[in-house]
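Spelled out from the first residue to the last, the chains are:
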Amino acid sequence: MRAALALARIIDAINERLGRVAVWLVLIACLVSATNAVSRYAFDLSSNAWLELQWYLFAGMVLFGAPYVLNKNGHVRVDILYGRASERTRAWIDLLGLLVFLLPVSGFIAYMAWPFFIESFHGNEMSSNAGGLLRWPVKLIIPFGFAMLVLQGLSEVIKRIAYLQGRIELDANYEKPLQ
């Protein structure tokens, strides 16, 4: 279990860095959007590349941010049972959700997205829009992001098992969303 927890710490550290990348992508997307708007309205200059770059940045924000949010216990849950459960019951609910839903679905998406990227890469696929960008870089984000989500899910499984065995304390702080 010690080696598994060390692996979980490594995965957590990697996804912590990816979370920081996602935050910077938000800033870059805002700057690109503002630059695009100014150039379009002030100078009557526009390019589809600016719009596509914003989409690419958004893909990075979501797919690099998702493992980080899972690590920080900030993901959305069905609150009916979870909010009233004990910490131990929450750990069991998390463990079952990770094993039954997150890992299989994320793994399947990562697996299915890989050929999608490879085909685009080998064909050097370009956007069909005038002035558009290469497509394969954004298509690489899909399998990579979901693979990192799978790894973070594995880290969370390790931590939940260690918690249930009494080996670690788990920060299971959960705030019920305000509605």
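This text goes with the structure placed above it.
Residues numbered from 1 in each chain as written. Predicted model: local features only at pLDDT ≥ 70, side-chain atom pairs only at ≥ 80, totals over all residues. Heavy atoms only, no water.

Turning to the overall build of the chain, a few remarks are in order. Within the chain, the regular secondary structure consists of 5 helices and 0 strands. Secondary structure elements in the chain, listed N-terminal to C-terminal, are α-α-α-α-α. Taking 179 residues into account, the globule formula puts the C-alpha radius of gyration at 16 Å, and the chain, at 20 Å, lies well above it. Summarising the internal contacts of the chain: among those between residues at least 6 apart in sequence, 75% fall at separations of at least 24. Computing the positive centroid from 16 side-chain charges and the negative centroid from 13, the chain places the two 6 Å apart. (Helix = DSSP H or I, 4+ residues; strand = E, 2+ residues; numbered from the N terminus. Rg over C-alpha atoms; globule rule 2.2 N^0.38 Å. Contact = heavy atoms within 4.5 Å. Lys, Arg positive; Asp, Glu negative; His and termini not counted. Charge placed at Lys NZ, Arg CZ, Asp CG, Glu CD.)

Considering soluble globular proteins, one finds that nonpolar side chains tend to be buried as a cluster. Core analysis: the largest hydrophobic core is formed by 26 residues, its most contacted members being Leu57 and Phe64. Contributing elements (two or more residues each) for this core: helix 1 (2–43), helix 2 (48–71), helix 4 (87–122) and helix 5 (136–164). With 8 residues, the single largest contributor to this core is helix 5. The contacts of Leu57, once residues within four sequence positions are left out, are Leu25, Ile28, Ala29 and Val32. (Core = buried A, V, L, I, M, F, W, Y, C linked by side-chain atoms within 4.5 Å. Buried < 20%, exposed > 50% of the residue type's maximum accessible area, 1.4 Å probe, protein only.)

Right, let's get into the packing of helix 1 against helix 5. Closest axis-to-axis distance for the helix 1/helix 5 pair is 9 Å, and the angle between their directions is 140 degrees. The angle between helix 1 and helix 5 places the two elements in the oblique class. Handedness of the helix 1/helix 5 crossing: left-handed. Contacts between helix 1 and helix 5 pair Ala4, Leu5, Leu7, Ala8, Ile11, Asp12, Ile14, Asn15 and Leu18 from the former with Phe144, Met148, Leu151, Gln152, Ser155, Glu156, Ile158, Lys159 and Ala162 from the latter. Of the residues belonging to the contact of helix 1 with helix 5, the class tally is 12 nonpolar, 3 polar and 3 charged. (Axes fitted to C-alpha atoms, helices over the stretch in contact; angles between N-to-C directions. Parallel < 35°, antiparallel > 145°, perpendicular 65-115°, else oblique. Left-handed = near helix turned anticlockwise from the far one by under 90°. Nonpolar A, V, L, I, M, F, W, Y, C, P; charged D, E, K, R; others polar.)

What follows concerns helix 5. The end-to-end C-alpha separation of helix 5 is 42 Å, in line with the 42 Å expected for 29 residues at 1.5 Å each. Gly166 sits one or two positions beyond helix 5 and adopts a positive phi of about 80 degrees. (Expected span 1.5 Å × (residues − 1).)

On to the packing of aromatic side chains, then. Going through the model one piece at a time under the given rule, you end up with 5 aromatic pairs. Taking the centre distance of 5.1 Å and the plane angle of 50 degrees together, the rings of Trp114 and Phe117 count as tilted. Placement of both Trp114 and Phe117 in helix 4 is noted, with a separation of 3 residues, approximately one turn of the helix. Taking relative accessible area as the criterion, Trp114 reaches 44% and is therefore assigned partly exposed. (Phe/Tyr/Trp six-rings, centres within 6.5 Å; stacked < 30°, edge-to-face > 60°.)

Looking now at the pattern of salt bridges. All chains considered together, the criterion is met by 8 salt bridges. Measuring nitrogen to oxygen at the nearest pair gives 3.1 Å for the salt bridge that ties Asp94 to Arg160. Of this pair, Asp94 sits in helix 4 while Arg160 sits in helix 5, and the two are 66 residues apart along the sequence. For the residue pair Asp94 and Arg160, the accessibility class agrees, reading buried in each case. Each member of the salt-bridge network shares a partner with another, and the members are Asp12, Asp94, Glu156, Lys159 and Arg160. (Salt bridge = Lys/Arg side-chain N within 4 Å of Asp/Glu carboxyl O.)

A grouping of Trp92, Leu96, Leu99, Val100 and Phe101 is seen on the molecular surface, where their side chains present a nonpolar patch of about 530 Å² in accessible area. For Leu99, the position within the fold is in helix 4. (Patch = residues over 30% accessible without salt bridge, like charges linked within 9 Å, V, L, I, M, F, W, Y side chains within 5 Å. Areas by Shrake-Rupley, 256 points an atom, 1.4 Å probe, with all protein chains shown as cover.)

It is the contact of helix 2 with helix 5, at a shortest axis distance of 8 Å, that shows an interaxial angle of 5 degrees. With respect to helix 5, the axis of helix 2 lies roughly parallel. Contacts between helix 2 and helix 5 involve Tyr56, Ala59, Gly60, Leu63, Phe64, Ala66, Pro67, Leu70 and Asn71 from the former and Val138, Ile141, Ile142, Phe144, Gly145, Phe146, Met148, Leu149, Gln152, Gly153, Glu156 and Lys159 from the latter. Residue classes in the contact of helix 2 with helix 5 are distributed as 14 nonpolar, 5 polar and 2 charged.

Look at helix 2: 35 Å from first C-alpha to last across 24 residues, which is about the 34 Å you get at 1.5 Å a residue. Where helix 2 bends most, the angle comes to about 35 degrees, and this point is Gly65, followed within four residues by the proline Pro67. The N-cap of helix 2, judged by a side-chain oxygen 3.1 Å from the amide nitrogen of Ala49 a few residues on, is Ser47. In the segment just after helix 2, Asn73 is the residue with positive phi, at about 60 degrees. (Bend = angle between axes of the 7 residues up to and from the residue. Polar contact = N/O pair within 3.5 Å; in protein donor to acceptor, adjacent residues only side chain to side chain.)

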